[in-house]
Amino acid sequence: MTTLLTYNMGIQAFDERDYKTAIERFSAVLEEDPRNLNVREYLARAHYHRASLRPAEAEARTILEQDPTNEFVTLLLVRSLERQNRADEAVGLRRRLAALTGDDSHLTPQSL
């Protein structure tokens, strides 16, 4: 199966909320193209939606190493940490998110 076809099938599975299949497809694409941040973001989101919070966190951190100003992935990491009862670790990321967006509502968990 070609990488593009696998990617498209991953997006279709994600859109259908079949996150298990989406994770399998996106993981296969990343084996061929590990630097593809778009695929990695979909993978992080799929893990998050399955409540696989540690893998979602790991993917988000990998993305942010290469793209530290990615607002969406920063929020995904914040939410992943908070859902793991690690709000103290999320505080600094909330500050970064508020600075990136100019929106102070990100400083409190109520903005979720």
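Residues numbered from 1 in each chain as written. Predicted model: local features only at pLDDT ≥ 70, side-chain atom pairs only at ≥ 80, totals over all residues. Heavy atoms only, no water.

Trainee: In this structure, what is going on with the pattern of salt bridges? I would like to understand it.
Mentor: Once the charged atoms of two side chains with opposite charge are near each other, the side chains can pair. One pass over the full model with this rule turns up 6 salt bridges. Across the pair K20 and E24 runs a salt bridge, and its minimum N-O distance is 3.5 Å. Taken together, the residues span about one helical turn, with K20 and E24 both in helix α2 (residues 19-32) at a distance of 4 residues. With a relative accessible area of 49%, K20 lands in the partly exposed category. Overall, E24 belongs to the partly exposed group, its relative accessible area being 42%. When the shortest N-O distance is used, the salt bridge between R94 and E82 registers 2.8 Å. Residue R94 is located in helix α6 (residues 87-101), and its partner E82 is located in helix α5 (residues 71-83); the two are separated by 12 residues in the primary sequence. Look at R94 and you get buried, because its relative accessible area is 2%. Residue class for E82 comes out buried when judged on its relative accessible area of 15%. (Salt bridge = Lys/Arg side-chain N within 4 Å of Asp/Glu carboxyl O. Helix = DSSP H or I, 4+ residues; strand = E, 2+ residues; numbered from the N terminus. Buried < 20%, exposed > 50% of the residue type's maximum accessible area, 1.4 Å probe, protein only.)

Trainee: What is the right way to read α5 from this model?
Mentor: The periodicity of an α-helix, 3.6 residues per turn, causes residues three or four places apart in sequence to face the same way. Here α5 contains 13 residues, and its C-alpha end-to-end distance of 18 Å stays within 8% of the 18 Å for a straight helix at 1.5 Å per residue. Those residues of α5 not exposed but buried are V73, T74, L75, L76, L77, V78, S80, L81 and E82. The backbone nitrogen of F72 lies 3.2 Å from a side-chain oxygen of the residue at the head of α5, namely N70. Backbone geometry just after α5 places N85 at a positive phi near 60°. (Expected span 1.5 Å × (residues − 1). Polar contact = N/O pair within 3.5 Å; in protein donor to acceptor, adjacent residues only side chain to side chain.)

Trainee: For this particular structure, what's the right way to read the environment of R83?
Mentor: Take R83: it is sitting in helix α5. Sequence separation between R83 and Y48 is 35 residues; the distance between their C-alpha atoms is 9.8 Å. Leave out the neighbours within four places in its chain, and R83 touches Y48, A51 and L53. Looking at R83, its side chain comes within polar contact range of the main-chain oxygen of Y48, at 3.5 Å. (Contact = heavy atoms within 4.5 Å.)

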